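Inside the fold
Below, each chain spelled out in residue letters.
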Amino acid sequence: MTLKKVLSKLEWQKILCLTIAGIINAFGVTVFLSPVKLYDSGVSGTSMLLAQITPEFLTLSFFLMVLNIPLFLYGLKKQGIVFTIYAIYTVFIYSVMAWLIIDVLPVDVSIASPLAGSDLLLCALFGGLISGLGSGLAIRFGGAMDGIEVLAVIFAKKLGITVGTFVMIYNIILYIFCGLVMKSWILPLYSIVTYAAALKTIDYIVEGIDRSKAAVIVTVCPDSVCKMLCEAFGQGMTMMDAKGYYSDSHKTVIYFVVNRFQVGRMREIVHAADPSAYISIADIADIYGADKERC
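The notes below deal with the structure included here. Being a predicted model, the structure only gives us computed values, none of them experimental.

Focus on the pairing of strand 1 (residues 212-219)
Bridging between strand 1 and strand 3 (residues 250-259) involves eight bridges; their strand directions are antiparallel. Each residue of the ladder has a partner; that of Val-216, found in strand 3, is Tyr-255. With seven bridges connecting them, strand 1 and strand 4 (residues 278-284) associate as antiparallel partners. Note on strand 4: the bridge partner recorded for Val-218 is Tyr-278.

Pasting the structure below:
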């Protein structure tokens, strides 16, 4: 693929959002976590630890670049050139902003957080929330803030585990190592709070705060069920023919999307139309395509 073709695939709106994501992440890490020696997760947390135990000229920004960029380049074939460019750019913004906050701007982050002081719980919670916001925005707009997930995608399957399990194991090992090196378990334990807050925030940003519910309804009275649901909610649904395995009888599967507040009412309506109907409900994050079909 030529350079011109690659550049044509890049979107300035995404680059702008990734710039904001890198700035937000740097703010959360340098203002809340780094001053009180709490640790982020993944390569970011590893970089923070290395910056603390190595000579001063080896800064957080240096380790972020040195550790992350090779990982993104290593995963180039699997992740694609556009993702790799977005990810390296995001880490670059994160690293530059971290350098500016720590070494250039008139903000003292050497002893305590300028906003939360030395309160470890506040620093852990807000550091996790803000860095999670940055990481979530990076993922949502096609980039990444941390190369550990690229490593997980490559090696998790070979090890017979999921990507999430790989990342969790890495972070557990990182926090144990931090405790051994710093000879204290208080900071690593608070860092787990940071990790949990960041993880939840990333889920909300990537998947949406108000998730919808997808209901799969198996019924022998599809006309009655669909009519009552349509009258109650004013929206369409999808019907699929099915066959019972044990009963060998004809059934209909109805796929219907509602919000969390409509689940109880939907269940009552379905069972009023067909008391024997089988209903399963699952979370869905985003709905793409045309607007919902109306009745």
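Now, onward.
Let's talk about the layout of surface pockets
Its volume calculated, the largest pocket comes out at about 470 Å³. Broken down by secondary-structure element, the contributors of at least two residues to the lining of the largest pocket are helix 3 (42-53), helix 4 (60-74) and helix 6 (81-104). Of the residues assigned to the lining of the largest pocket, the class counts are nine nonpolar, seven polar and three charged. Put simply, the second largest pocket is a space of about 350 Å³. Contributing to the lining of the second largest pocket are 21 residues, with Ser-41, Asp-146, Glu-149, Val-167 and Ile-202 lying nearest its centre. Every element with two or more residues in the lining of the second largest pocket is listed here: helix 3, helix 7 (120-140), helix 8 (148-159), helix 9 (163-182) and helix 10 (186-207). Its residues placed into classes, the lining of the second largest pocket shows ten nonpolar, eight polar and three charged.

Comments concerning the side chain of Ser-61
The topology assignment puts Ser-61 in helix 4. Ser-61 gets classed as buried once you look at its relative accessible area, which sits at 11%. At 2.7 Å, the side chain of Ser-61 forms a polar contact with the backbone oxygen of Ser-95. Apart from the residues lying within four places of it in its own chain, the contact partners of Ser-61 are Ser-95, Ala-98 and Trp-99.

About the cut-offs
- Residues numbered from 1 in each chain as written.
- Predicted model: local features only at pLDDT ≥ 70, side-chain atom pairs only at ≥ 80, totals over all residues.
- Heavy atoms only, no water.
- Pairing = 2+ DSSP bridges.
- Helix = DSSP H or I, 4+ residues; strand = E, 2+ residues; numbered from the N terminus.
- 1 Å grid on protein atoms, 1.4 Å probe; cavity = no way out; pocket = protein on both sides within 12 Å on 5 of 7 lines; lining within 4 Å.
- Points joined across faces, edges and corners; volume = space filled by probe spheres on them.
- Nonpolar A, V, L, I, M, F, W, Y, C, P; charged D, E, K, R; others polar.
- Buried < 20%, exposed > 50% of the residue type's maximum accessible area, 1.4 Å probe, protein only.
- Polar contact = N/O pair within 3.5 Å; in protein donor to acceptor, adjacent residues only side chain to side chain.
- Contact = heavy atoms within 4.5 Å.

Everything listed here is a matter of coordinates, which is why it stays silent on function.
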